[in-house]
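# Tertiary structure, described
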Amino acid sequence: MVAAFAREPSCPVCSRYDYEERILERVLRNEMAMDNLLAEIRKTNAEVKAGLKEDKTELATAMTAIKKAQADMKSMLDDAIQGGLINITVAVTSMTTNTSEAITRMEKENKILKDQLVIPTIYFYARTAASSTVSQTVVYTAVEVNEGQGYDPATGRFTVSVPGLYAFTVQYCLSNMYEAWLEIVNKKKTLQRSSMKDKSGTYPCVSMQVFTKADVSDQIWVQSTSGSNSQLYTDSFRYTSFSGALIHL
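- As recorded in an unreviewed UniProt entry, the protein chain goes by the name C1q domain-containing protein, listed as coming from Dreissena polymorpha.
- The UniProt entry for the protein chain carries the following text under Subcellular location (unreviewed entry): "Secreted".

### Overview of the overall build of the protein chain
- Along the protein chain, the regular secondary structure elements total one helix and twelve strands.
- In sequence order, the protein chain lays out its α and β elements as α-β-β-β-β-β-β-β-β-β-β-β-β.
- Taking 18 Å as the expected radius of gyration for a compact globule of 249 residues, we find that the protein chain reaches 64 Å, considerably beyond that expectation.
- Residues classed as buried in the protein chain amount to 23% of the 249 residues present.
- Put simply, of all contacts in the protein chain between residues at least 6 apart along the chain, 69% involve residues at least 24 apart.
- Of the accessible surface of the protein chain, which amounts to about 17,800 Å², a share of 58% is contributed by carbon and sulfur atoms.

### Here we look at the nonpolar core
- Grouped together as the largest cluster of nonpolar side chains are 27 residues, with contacts concentrated most on Phe158, Tyr166 and Phe242.
- When contributions to this core are tallied by element, the ones reaching two or more residues are β1 (123-129), β6 (164-174), β7 (179-186), β9 (205-214), β10 (219-224) and β12 (241-248).
- It is β6 that contributes the most residues to this core, five residues altogether.
- Beyond its immediate stretch of four places on either side in the chain, tyrosine 166 contacts Ile122, Phe158, Val160, Ser161, Val210, Phe211, Thr212, Ala214, Ala245, Leu246 and Ile247.

### Focus on the pattern of salt bridges
- The tally for this structure, following the rule as stated, stands at seven salt bridges.
- Notably, a salt bridge pairs lysine 197 with glutamate 179, separated by 3.9 Å at the nearest N-O pair. Here glutamate 179 lies in strand β7 and lysine 197 lies in strand β8 (residues 189-197), a separation of 18 residues in the sequence.
- Among the residues examined, lysine 197 registers a relative accessible area of 45% and is labelled partly exposed.

### Some thoughts on the sheet that holds β10
- Taken together, the five strands give an open sheet; going across it, the order is β4-β5-β10-β7-β8, and neighbouring strands pair in antiparallel fashion. The open sheet has two free edges, formed respectively by β4 (151-152) and β8, since each of these has just one partner strand.
- With eight bridges connecting them, β7 and β8 associate as antiparallel partners. Paired with asparagine 186 across the strands is lysine 189, a residue of β8.

### Concerning the state of the cysteines
- Summed over all chains, the structure comprises one disulfide.
- Two residues, cysteine 173 and cysteine 205, share a disulfide whose sulfurs are 1.8 Å apart. An S-S torsion of about 100° defines the bridge between cysteine 173 and cysteine 205 as right-handed. Remark: cysteine 205 occurs in strand β9 and cysteine 173 occurs in strand β6; sequence separation between them is 32 residues.
- Given the relative accessible area of 0%, cysteine 173 is considered buried.

### Observations concerning unusual backbone geometry
- The phi torsion at methionine 177 lies on the positive side, around 65°, for a residue other than glycine.
- Mapped onto the fold, methionine 177 is located in the loop between β6 and β7.

### Quick look at the environment of isoleucine 81
- As for its position among the elements, isoleucine 81 is in helix α1 (residues 16-116).
- With relative accessibility at 45%, the residue isoleucine 81 sits in the partly exposed group.
- Sequence-wise, isoleucine 81 and threonine 97 are 16 residues apart; in three dimensions their C-alpha atoms are separated by 24 Å.

The rules behind the values
- Residues numbered from 1 in each chain as written.
- Predicted model: local features only at pLDDT ≥ 70, side-chain atom pairs only at ≥ 80, totals over all residues.
- Heavy atoms only, no water.
- UniProt positions renumbered as here; feature names shortened; annotations may be inferred.
- Helix = DSSP H or I, 4+ residues; strand = E, 2+ residues; numbered from the N terminus.
- Rg over C-alpha atoms; globule rule 2.2 N^0.38 Å.
- Buried < 20%, exposed > 50% of the residue type's maximum accessible area, 1.4 Å probe, protein only.
- Contact = heavy atoms within 4.5 Å.
- Areas by Shrake-Rupley, 256 points an atom, 1.4 Å probe, with all protein chains shown as cover.
- Core = buried A, V, L, I, M, F, W, Y, C linked by side-chain atoms within 4.5 Å.
- Salt bridge = Lys/Arg side-chain N within 4 Å of Asp/Glu carboxyl O.
- Pairing = 2+ DSSP bridges.
- Disulfide = S-S within 2.5 Å.

Right under this line is the structure:
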């Protein structure tokens, strides 16, 4: 049998109790650090949640504002389109109305102008030469029509009272085996000429026509060409005549 005896050292650092105390203090400090860390984590988590909640609220507010802006823009666009369509419709209706009114006004004005531009009735027809032999102006004494009183049976001349486009016609017949040279003149200017000689003894007739513009006071007549005597013939079957008419202003 062996008996051993021992005692605690007198140095506190070397004491078992001192070691356990320090371990316990370290454990306590670790627990406190863990508690502090856990508190910081919880605080950070709370702050993160609060931030996320605030961000979510702000995002929802922004989305609501965006949707409202989109709705406002759509409403404004619809109003603009509708207003534009209305304006276009009004403009088209106005243009149609104005065009119709303009056409109606033009038609009335044209009617007034047409009424004002009615061609006056001016024409004449005279026949039977005063002499069978003519060397100058042919005077037609038998006046059957003289609308406008432009033809003078004393001189054989037609005097223009209304300017415009006129048509003049001359028919002449020849005595047996004679000849004629006639012309239609305006102020001594030749408008139309014709000649004929009877070689068959049949008293032939020939005609000539001319269209001419004439001014007020112009005189148109029929005459034998210079230096010639024309033998004209008239009976109940053959007319020697001179006629004319205003056909356009």
